[in-house]
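Residue strings, one per chain:
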Amino acid sequence: MKHLLLVFAALLIAPLAQAQELKEIKLNAPDKTRGSAVMKALSERASSRAMSERELSLQDLSDLLWAAYGVNRPDGRRTAPTAKNDQDIDLYVCLPAGTYLYDARNSLLKPVISGDLRPVLAAGQDFVKHAPVVLLIVSDYSRFKMNDVERSRLWGAMDGGIVSQNINIFCAAVGLVTVPRAYMDQPKLKEILGLSDTQMPVLNNPVGYPATR
Ligand SMILES: Cc1cc2nc3c(=O)[nH]c(=O)nc-3n(C[C@H](O)[C@H](O)[C@H](O)COP(=O)(O)O)c2cc1C
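Residues numbered from 1 in each chain as written. Predicted model: local features only at pLDDT ≥ 70, side-chain atom pairs only at ≥ 80, totals over all residues. Heavy atoms only, no water.

1. Details of the site of the ligand
Right, so step 1: Surrounding the ligand, one finds Arg-45, Ala-46, Ser-47, Arg-49, Gln-125, Val-179, Pro-180, Arg-181, Ala-182, Tyr-183 and Leu-203.
Right, so step 2: One of the side-chain N or O atoms of Arg-45 is found 2.8 Å from an oxygen atom in the ligand.
Right, so step 3: Between the ligand and Ser-47 there is a distance of 2.4 Å, counted from an oxygen atom to a side-chain nitrogen or oxygen.
Right, so step 4: Calculation on the ligand without its partners gives an accessible area of 620 Å², and the protein chains cover 53% of this total.
Right, so step 5: Within the shell around the ligand, the residues separate by chemical class into six nonpolar, two polar and three charged. (Near = heavy atom within 4 Å. Polar contact = N/O pair within 3.5 Å; in protein donor to acceptor, adjacent residues only side chain to side chain. Areas by Shrake-Rupley, 256 points an atom, 1.4 Å probe, with all protein chains shown as cover. Nonpolar A, V, L, I, M, F, W, Y, C, P; charged D, E, K, R; others polar.)

The structure is reproduced here in structure tokens:
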């Protein structure tokens, strides 16, 4: 009986279980000249859940990820600051066909798991299931190497919030739509992505082109 239950559980998660059918996606070099000035972007920053299902172009996806958490200096530091520069944040890129990890140093998306993670991220908010991409911000607070879990989690949450705000501002500057979200099925996400106890999903940002009315 226990064996049968295990087989059944494996079948249930099967569509999300085979990353080998996904290939790495090579990202474009970021276009650092695009977007409006920062004051204009700030004045236009607003959460919106009205987005088109249209797939993002590779350039838009590449620029979005670089703005969120790309490497912007030769020493490997990022567009978002992290506490002690411990770079505790990992950015998971959830596309309809599968979820990838953003490898900022090599401008690559590395396959993690195939299948659609958006329903698990949606947690009751239907528009998320149709967003062309959802960026999942995860802090691995063990990278702070502190014996204070509460403080580590706090720093992880702060670092994740900064990455989310980079996404929000980039989207406002280039006419994309996003909203920072704390809702998501955390236990299920951790199980599906095989996250460790110290890897904490902080926020997720669905991103898309504005819905056409
Ligand atoms: C930490 C945080 C968590 C949030 N979680 C959600 C969420 O799960 N779902 C959602 O639709 N909006 C979420 N929001 C968006 C807020 O509802 C939104 O920012 C707020 O209403 C203010 O609107 P504005 O962003 O347009 O200024 C969240 C915002 C923050 C900062």
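Here the narrative resumes.
2. Structural notes on the pairing of strand β3 (residues 98-103)
Right, so step 1: Burial analysis of β3 places five of its six residues in the buried class, which makes it a mostly covered element.
Right, so step 2: Relative to β3, strand β2 (residues 89-95) is paired through four bridges, and the arrangement is antiparallel. Residue pairing in the sheet places Val-93 in a bridge with Tyr-100 of β3.
Right, so step 3: Taken together, β2 and the strand that follows it, β3, pair antiparallel across an intervening segment of two residues. (Buried < 20%, exposed > 50% of the residue type's maximum accessible area, 1.4 Å probe, protein only. Helix = DSSP H or I, 4+ residues; strand = E, 2+ residues; numbered from the N terminus. Pairing = 2+ DSSP bridges.)

3. Looking at the nonpolar core
Right, so step 1: Residues Leu-64, Leu-65, Leu-91, Val-93, Val-163 and Ile-167 are the most contacted members of the largest nonpolar core, which totals 35 residues.
Right, so step 2: Among the elements of the structure, α3 (58-69), β2, β3, β5 (133-140), α5 (149-174) and β7 (199-208) are those that each provide at least two residues to this core.
Right, so step 3: Per-element tally for this core: the top contributor is α3, with six residues.
Right, so step 4: Look past the residues within four positions of Val-93 in its chain and what remains in contact with it is Leu-61, Leu-65, Gly-98, Thr-99, Tyr-100, Tyr-102, Leu-109, Val-133, Val-134 and Leu-135.
Right, so step 5: With 21 residues, the next largest nonpolar core counts Val-120, Val-138, Leu-189 and Ile-192 among its residues. (Core = buried A, V, L, I, M, F, W, Y, C linked by side-chain atoms within 4.5 Å. Contact = heavy atoms within 4.5 Å.)

Geometric values such as these leave the question of function open.
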